[in-house]
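Inside the fold
Now for the letters of each chain:
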Amino acid sequence: MNPAQHASGRPPDVVVLVGDADPRGMGEAEGLARVRYVRETELGEALPGADVLFMWDFLSDALAGAWPESGGPGWVHIASAGVDRLMFPELTHSDTVVTNSRGVFDEPIAEYVLGLVLAFAKDLHTTFRLQGERRWRHRETERITGARALVVGTGPIGRAIGRRLSAAGLSVSGAGRTARDADPDLGVVHPMERLGEALAAADYVVLAAPLTPQTRGMIDAAALERMRPSARLVNVGRGGLVAEDDLVEALRAGRIAGAALDVFEDEPLPASSPLWEMPGVIVSPHMSGDVVGWRDELVRLFADNLGRYVSGRPLRNVVDKRLGYVGSERAASHQRG
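Residues numbered from 1 in each chain as written. Predicted model: local features only at pLDDT ≥ 70, side-chain atom pairs only at ≥ 80, totals over all residues. Heavy atoms only, no water.

Attention now goes to the nonpolar core. Nonpolar side chains tend to gather and get buried jointly when the protein is soluble and globular. One finds Leu-43, Leu-63, Ile-161 and Leu-165 to be the most contacted residues of the largest nonpolar core, which totals 73 residues. For this core, the leading source of residues is helix 5 (residues 106–121), giving nine residues. Here this core gathers at least three residues from each of two domains, domain 1 (13–102 + 292–331) and domain 2 (106–283). Sequence-distant contacts of Leu-43, defined by excluding residues within four places in its chain, comprise Val-15, Leu-17, Val-38, Leu-53, Ala-62, Leu-63 and Ala-66. With 32 residues, the next largest nonpolar core counts Leu-199, Leu-211, Ile-256 and Val-281 among its residues. (Core = buried A, V, L, I, M, F, W, Y, C linked by side-chain atoms within 4.5 Å. Buried < 20%, exposed > 50% of the residue type's maximum accessible area, 1.4 Å probe, protein only. Helix = DSSP H or I, 4+ residues; strand = E, 2+ residues; numbered from the N terminus. Domains from an automatic or database assignment. Contact = heavy atoms within 4.5 Å.)

A few words on the side chain of Asp-123. The topology assignment puts Asp-123 in the loop between helix 5 and helix 6 (124–132). A polar contact is formed between the side chain of Asp-123 and the side chain of Arg-139, at a distance of 3.1 Å. In contact with Asp-123, other than residues within four places in its own chain, are Leu-118, Arg-139 and Thr-141. (Polar contact = N/O pair within 3.5 Å; in protein donor to acceptor, adjacent residues only side chain to side chain.)

On to unusual backbone geometry, then. Cis geometry is found at the peptide bond from Glu-267 to Pro-268, where omega equals 0°. For Pro-268, the location among the structural elements is in the loop between strand 12 (258–261) and strand 13 (281–283). Its identity as a non-glycine residue notwithstanding, Asp-123 has a phi of 55°, on the positive side. Relative accessible area serves as the criterion here: at 19%, Asp-123 is assigned to the buried category. At Arg-134, a position not held by glycine, the phi torsion is positive, near 55°. Secondary-structure assignment places Arg-134 in the loop between helix 6 and strand 6 (148–152).

Let us look at the sheet that holds strand 2 (residues 34–38). Strand order in the open sheet formed by five strands is 2-1-3-4-5, with parallel pairing between adjacent strands. Pairing within the sheet leaves two strands with one partner each, and these edge strands are strand 2 and strand 5 (97–99). Ignoring strand direction, the axes of neighbouring strands in this sheet form an average angle of 20°. As paired elements, strand 3 (residues 52–55) and strand 4 (residues 75–78) share four bridges and run parallel to each other. Opposite Met-55, over in strand 4, you have Ile-78 as the bridge partner. (Pairing = 2+ DSSP bridges. Axes fitted to C-alpha atoms, helices over the stretch in contact; angles between N-to-C directions.)

In this section: the domain arrangement of the chain. Annotation of the chain at the domain level lists domain 1 (13–102 + 292–331) and domain 2 (106–283). Each of domain 1 and domain 2 has a C-alpha centre, and the two are 30 Å apart. On the domain 2 side, the residues contacting the 11 residues of domain 1 number 12 residues. A combined buried area of about 930 Å² lies between domain 1 and domain 2, and 47% of that area is made up of carbon and sulfur atoms. Summed over the shared surface of domain 1 and domain 2, the number is one salt bridge. The partner of Arg-238 in a salt bridge is Asp-84, with the nearest N and O atoms 2.8 Å apart. Put simply, domain 1 and domain 2 have one residue pair in polar contact (both at pLDDT 80 or more) between them. (Buried area = accessible area lost by both parts, 1.4 Å probe. Salt bridge = Lys/Arg side-chain N within 4 Å of Asp/Glu carboxyl O.)

This paragraph deals with the UniProt feature "domain: D-isomer specific 2-hydroxyacid dehydrogenase NAD-binding" (unreviewed entry) in the chain. Here the UniProt feature "domain: D-isomer specific 2-hydroxyacid dehydrogenase NAD-binding" (unreviewed entry) sits at residues 114–288. In this annotation, residues 114–288 is assigned 29% helix and 20% strand; the end-to-end C-alpha distance for the span is 11 Å. (UniProt positions renumbered as here; feature names shortened; annotations may be inferred.)

And the structure:
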């Protein structure tokens with residue numbers, strides 16, 4: 001079924017799952033459809049008969065429990081790049097089309113990753129600490145030119161990271177489902193079954209892969225053992241990609257030099273987590289893609305897709321529900337717009 005073919009002649013019924021605040025700037029969408037704003041407790045009652053669900057609260061796990069037994073909306077759009085919260089059996093095995101917010105976060109996350117790499121190489125976290133202590137302590141820092149970065153995940157965000165790090169002088173390679181020798185953004189792409197070999201050669205390991213059953217816990221004790229003692233791990237993908245207890249143990253034992261973590265298995269990161277105070281660890285609150293104006297961009301993307309839905313045109317950013325990401329890696333390597 002193509003969800004853009006709305007044959008009833010009436011405006012589509014759009015349910016928007018909101019969290020603490022409603023999305024702003026929904027006037028264009030409200031001119032195209034009947035829009036209802038609901039919270040998690042109202043979602044189960046609102047979904048039957050709805051044509052479209054806009055998951056504005058993209059951190060909510062409520063959809064699986066609220067999905068109607070008779071089937072849900074024909075189209076679900078989420079205000080994030082990750083779609084793991086939508087990959088429950090009733091949705092993935094249905095005719096419902098899923099779209100995401102690919103394109104909004106790519107370049108901001110790539111800039112954030114470059115900032116983290118520079119922070120590690122130039123020891124900026126120590127500089128800020130010493131400044132707060134009014135201590136003058138000279139140190140030598142590292143070059144990033146020529147350093148080796150492995151980007152795990154070859155989707156749009158991983159590609160943007162690869163381009164940004166390459167432009168800054170790093171030697172970039174990738175890891176993904178399909179091996180390639182001359183990828184335009186990532187150079188040599190290693191197959192995931194050879195991830196261990198790729199980890200062993202990297203100074204910076206950047207995780208930008210989707211969270212799937214195959215990628216969950218991919219960075220575990222064995223993977224961390226393969227990394228160089230001087231290497232740093234950067235995770236801007238999903239917290240579930242990393243076995244956090246194994247990471248804490250590796251950091252304590254000095255098996256890797258540091259980690260920058262923007263995502264976690266449990267968010268907010270509990271105050272009891274040792275990661276907060278570990279030397280060489282940078283913790284940020286799931287903000288790597290959130291630049292000024294990002295919410296407005298998310299609303300504009302949904303409104304554009306809703307206009308396509310109403311007029312019968314193909315939707316943007318359709319997710320392959322079998323794999324949990326937009327399209328295929330092969331297509332992404334040629335169509336990166």
